[in-house]
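Observations on the three-dimensional arrangement
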Amino acid sequence: MKIEIDGERLVREIEELAKISEAEPPVVTRVVFTPADLKARAWLKAQCQDAGLAIREDAIGNTFARWVGSDPRAPIVGTGSHIDAIPNAGRFDGVVGVLGGLEAIRALQRVRFRPTCSIELLIFTAEEPTRFGIGCLGSRLLAGTLSADAAAKLSDKAGCSVEDVRTQAGFTGSLGDVKLPPDYYKAFVELHIEQGPILERERKPLGIVERIAAPASLMITIEGSGGHAGGVLMPDRHDALCAAAELILAIEDAARSGGAIDTVATVGICDVFPGAINSIPARVRLGVDLRDTSLARRDAGLRALEGACRAIAAKRQVEINSELLNADAPAESDAAIVAVLRQACEKHGLSYLPMTSRAYHDSLFMSRIAPVAMLFIPCRNGYSHRPDEYASPEDIVKGTLVLAETLASLTS
Ligand SMILES: [Zn+2]
């Protein structure tokens, strides 16, 4: 069996999908359940139907395109990723795993491979947190790590709830039915661009992900006291932004001082109220993201952050409250799937790097209900989530070829 990937068609399809965007090309903006997202879904479903795949959509819009195997009741081998894109993004994040997954299936069909268990291409809803403030909405519901009630209550900036938006988009079933049974997938493999510089730097076409870091995020509110920038004397001030500045540096220090390369902390949101040049900041909201491949280290980081909040609140006589938005556990890839990925690379003489994914992906949540692994391809300069995100056709073809080999091994 000599599997061949139709790279020209795959690249053309990636370009076609990139044109379905809320922004002018080459910018891709495709936020979940907007007209662009719905149009992209329709286009993609048509491609899957052309390949003879049977399509099912669940109540949150996760889309399953199935190539039925000779034993249709056997646990399924899944692959897939997402097609939603944050504002001002590029064309490869998520899309390589979806269209690459589709091409891998078509390549197997072309060599008349017949899978015993079914192969399913899964397109996850809202991997990006852009609209509802939480990443991996679809896969969290599939895995049951987010309850249907909690999901229904999430809302976007305009105040529209998930419940309203998804039903308007035509997804009307019960969110309670989204959760998959634990033995649904025999294996799940996600192809994705690295979104970092390591593969390019190491000149490796492929990365086999062995673990996915555990993200945690918090919203911290600092209440000081405001007042006139001229009238209130320095000894009398309880400036919320000055307290925030100390806290931001304490967070950076907590991540650096542990000495582990996989510990990262970021304050990506700083809202200052009232935000006037001649007014002392009375209230600040900080959005904090803390990640690690070790749950113990990540949780130690969270405790260090709590300690810093208490110390700074006491020192500056301000009130600091932190709300934990989410704290997920890290995931280990399944050793058996990793071995199959390695064999597939070796069969084609492709070198690979064992890797850690510090970005999280739908596979992190799929790992709660299925054995998972991920395959990375390089992206130029490590750029992602920006319009000049780029993966070469050669690398996309290599990743798709290894994915196709892996799906074949897992289903025969
Ligand atoms: Zn992605």
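Description of the structure in this document.

Cut-offs applied
Residues numbered from 1 in each chain as written. Predicted model: local features only at pLDDT ≥ 70, side-chain atom pairs only at ≥ 80, totals over all residues. Heavy atoms only, no water. Pairing = 2+ DSSP bridges. Helix = DSSP H or I, 4+ residues; strand = E, 2+ residues; numbered from the N terminus. Axes fitted to C-alpha atoms, helices over the stretch in contact; angles between N-to-C directions. Contact = heavy atoms within 4.5 Å. Donors = N, O, S within 2.8 Å, 3.2 Å for Na, K, Ca; no water. Buried < 20%, exposed > 50% of the residue type's maximum accessible area, 1.4 Å probe, protein only. Phe/Tyr/Trp six-rings, centres within 6.5 Å; stacked < 30°, edge-to-face > 60°. Lys NZ or Arg CZ within 6 Å of the ring centre and 35° of its normal. 1 Å grid on protein atoms, 1.4 Å probe; cavity = no way out; pocket = protein on both sides within 12 Å on 5 of 7 lines; lining within 4 Å. Points joined across faces, edges and corners; volume = space filled by probe spheres on them. Nonpolar A, V, L, I, M, F, W, Y, C, P; charged D, E, K, R; others polar. Core = buried A, V, L, I, M, F, W, Y, C linked by side-chain atoms within 4.5 Å. Expected span 1.5 Å × (residues − 1). Arc of directions from axis to C-beta. Parallel < 35°, antiparallel > 145°, perpendicular 65-115°, else oblique. Left-handed = near helix turned anticlockwise from the far one by under 90°.

**Regarding the sheet that holds strand 9 (residues 214–223)**
Taking strand neighbours across the sheet as the criterion, the four strands line up as 11-13-9-14 in an open arrangement whose pairing is antiparallel. Two strands close off the open sheet at either side, each with one partner strand: strand 11 (264–273) and strand 14 (319–327). The mean inter-strand angle of the sheet, taken between neighbouring strand axes irrespective of direction, is 15 degrees. In terms of strand pairing, strand 11 meets strand 13 (residues 283–292) through nine bridges, oriented antiparallel. Each bridged residue has a counterpart across the sheet, and for Ile-269 the counterpart in strand 13 is Gly-287. Set on the sheet, helix 8 (residues 240–257) makes contact with strand 9, strand 11 and strand 13; between it and strand 13 the angle comes to about 5 degrees.

**Re the coordination of the zinc ion**
Every protein donor of the zinc ion is listed here as His-82 (NE2), Asp-93 (OD) and His-192 (NE2), and their distances to the metal cover 2.0 to 2.2 Å. Here the donor residues of the zinc ion are spaced in sequence according to H-x10-D-x98-H. Of this pair, His-82 sits in strand 4 (residues 76–82) while Asp-93 sits in the loop between strand 5 (85–89) and helix 3 (95–110); the two residues are 11 residues apart in sequence, bridging distant segments of the chain. You can call His-82 buried: its relative accessible area is 0%. Since its relative accessible area comes to 9%, Asp-93 is described here as buried.

**Here we look at the packing of aromatic side chains**
Within this structure, the stated rule accounts for eight aromatic pairs. Aromatic side chains Tyr-185 and Phe-188 sit 5.7 Å apart centroid to centroid with 65 degrees between the ring planes, which places their arrangement in the edge-to-face category. Like Phe-188, Tyr-185 is buried. Three or more aromatic residues joined by ring pairs form one cluster here, namely Phe-64, Phe-124, Tyr-184, Tyr-185 and Phe-188. The positively charged end of Arg-56 is found above the aromatic ring belonging to Phe-64, 3.9 Å away from the centroid. One residue, Arg-283, lies across the ring of Phe-273, its end atom 4.3 Å from the ring centre.

**Digging into the layout of surface pockets**
Space inside the largest pocket adds up to approximately 1300 Å³. Around the largest pocket, the lining is made up of 42 residues, and of these Pro-129, Gly-133, Ile-134, Ser-217 and Ile-269 lie nearest the centre. Among the secondary structure elements, those contributing two or more residues to the lining of the largest pocket are strand 9, strand 11, strand 13 and strand 14. Grouping the amino acids of the lining of the largest pocket by side-chain chemistry returns 16 nonpolar, 14 polar and 12 charged. Volume-wise, the second largest pocket comes out at about 200 Å³.

**Notes on the nonpolar core**
Counting 59 residues, the largest nonpolar core has Leu-99 and Leu-108 as its most contacted members. Within the second largest apolar cluster, 45 residues are counted, among which are Leu-137, Ala-143, Met-355 and Ala-370.

**Observations regarding empty space enclosed by the protein**
Tallied over the full model, the rule gives five cavities of 30 Å³ or more. Forming the boundary of the largest cavity are Arg-30, Asp-84, Ala-85, Ile-86, Ala-89, Gly-90, Asp-93, Val-95, Glu-128, His-385 and Glu-389. Sorting elements by how many residues they give to the lining of the largest cavity places strand 5 first, with three residues. A class-by-class count of the residues in the lining of the largest cavity yields four nonpolar, two polar and five charged.

**Side note on helix 2 (residues 35–50)**
With 16 residues, helix 2 extends 23 Å between its outermost C-alpha atoms, agreeing within 8% with the 22 Å of an ideal straight helix rising 1.5 Å per residue. Here helix 2 has its buried residues at Ala-36, Asp-37, Ala-40, Arg-41, Trp-43, Leu-44, Gln-47 and Cys-48. Along the axis of helix 2, the buried positions cluster into a sector of 165 degrees, meaning they face one direction only. In helix 2, the exposed positions angled more than 90 degrees off the buried face are occupied by Pro-35, Lys-39, Gln-49 and Asp-50. Of the surrounding secondary structure, the elements contacted by the buried residues of helix 2 are helix 1 (7–19), strand 1 (28–30), strand 2 (54–57), strand 3 (63–67), helix 3 and strand 6 (119–124). Positive backbone phi, approximately 80 degrees, marks Gly-52, located one or two places after helix 2.

**Some points on the packing of helix 3 against helix 12 (residues 393–411)**
Geometrically, a packed helix pair is captured by the angle between its two axes and the distance between the axes. Remark: helix 3 packs on helix 12, axes separated minimally by 8 Å, with the N-to-C direction vectors making an angle of 55 degrees. As the angle between them shows, helix 3 and helix 12 are arranged oblique. Both helix 3 and helix 12 take part in a crossing whose hand is right-handed. Note on element contacts: helix 12 touches helix 3 through Ile-396, Thr-400, Leu-403, Ala-404, Leu-407 and Ala-408, opposite Val-96, Gly-100, Gly-101, Glu-103, Ala-104 and Leu-108.

**Focus on unusual backbone geometry**
Glycine aside, negative phi is the norm for most residues, and most peptide bonds take the trans geometry. For the peptide bond that leads from Pro-25 to Pro-26, omega is 10 degrees, which places it in the cis range. Here Pro-26 is to be found in the loop between helix 1 and strand 1. In this structure, the amide linkage connecting Phe-273 to the following residue, Pro-274, adopts the cis form with an omega of 5 degrees. Mapped onto the secondary structure, Pro-274 falls in the loop between strand 11 and strand 12 (279–280). Positive phi outside glycine occurs at Arg-112, with the angle close to 60 degrees. Relative to the helices and strands, Arg-112 resides in the loop between helix 3 and strand 6. You can call Arg-112 exposed: its relative accessible area is 73%.

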